[in-house]
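As a plain string of letters, each chain reads:
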Amino acid sequence: MERVLTMSLSKELCLQDEVRSYADIFAEIFDRYYNRIYKYMRYRLNSIEEAEDMSSQVFEKVMQKIETYRPDRAPFEVWMFSIAQNTVNAYYRRRKRGIWFPLESIRDLPSERPNPEEKAVRNEEQGRLLVALSSLEERERNIIAMKFAGGLKNKEIAEIMGLSESNTGVILYRALHRLREILKSEE
């Protein structure tokens, strides 16, 4: 079974054709995708702790369901982000609320600490972006999250969302254009 799993993931994960343990395969998957999954979760959720918990749940589900992955149906990262999207959707169904964070809040600045003035300006900008994002439809916010926080391509987003690639691009373009207009009108 391990050899079959290794071979089915080898094309997309560039694994060697040798038999590897599930732990080795999963470690490589985790190393490759954790940051992108975490950033997507951080964008979609209210706190760092919730994003970490949800990211862990995604990888737990990936580990449990990895034998069901079929490369002929979708690329591996599309399959993973589908699991991530379903995990977030289930979370919000349980919580019955939807709080969004602006894209700027998920950037890591490990060596730089903003001074209080910079922090206040950034908080104001984030607040404006949060209000602007809340005026978009759920689907538009989700596409923006997958594109900028998850780093997915339009084709991959289209597969996850069940849309055509061109429709995904149009929705993304219009949503970003509307965000710019809202933010300009508030200046």
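The model shown is predicted, which means the values in this text are computed figures rather than measured ones.

Mapped onto the fold, Val88 is located in helix α4 (residues 76-95). With 43 residues separating them along the chain, Val88 and Leu45 place their C-alpha atoms 8.0 Å apart. Residues in contact with Val88, not counting those within four places in the same chain, are Tyr40, Met41 and Arg44.

So, about the nonpolar core. Grouped together as the largest cluster of nonpolar side chains are 44 residues, with contacts concentrated most on Ile37, Met41, Val62, Phe76 and Met80. The greatest single-element share of this core, amounting to 10 residues, is contributed by α4. When residues no more than four places from it in sequence are discounted, the contact partners of Ile37 are Ser55, Val58, Phe59, Met80, Phe81 and Ala84.

Enumeration over the complete set of coordinates arrives at 11 aromatic pairs. Taking 5.4 Å as the distance between ring centres and 55 degrees as the angle between the ring planes, the aromatic pair formed by Tyr69 and Trp79 counts as tilted. One end of the pair, Tyr69, is in the loop between α3 (48-65) and α4; the other, Trp79, is in helix α4, and 10 residues separate them in sequence. Exposure class is identical for Tyr69 and Trp79. Each is buried. One aromatic cluster in this structure is built from Phe26, Phe30, Tyr34, Tyr38 and Phe59.

The rules behind each value
- Residues numbered from 1 in each chain as written.
- Predicted model: local features only at pLDDT ≥ 70, side-chain atom pairs only at ≥ 80, totals over all residues.
- Heavy atoms only, no water.
- Helix = DSSP H or I, 4+ residues; strand = E, 2+ residues; numbered from the N terminus.
- Contact = heavy atoms within 4.5 Å.
- Core = buried A, V, L, I, M, F, W, Y, C linked by side-chain atoms within 4.5 Å.
- Buried < 20%, exposed > 50% of the residue type's maximum accessible area, 1.4 Å probe, protein only.
- Phe/Tyr/Trp six-rings, centres within 6.5 Å; stacked < 30°, edge-to-face > 60°.

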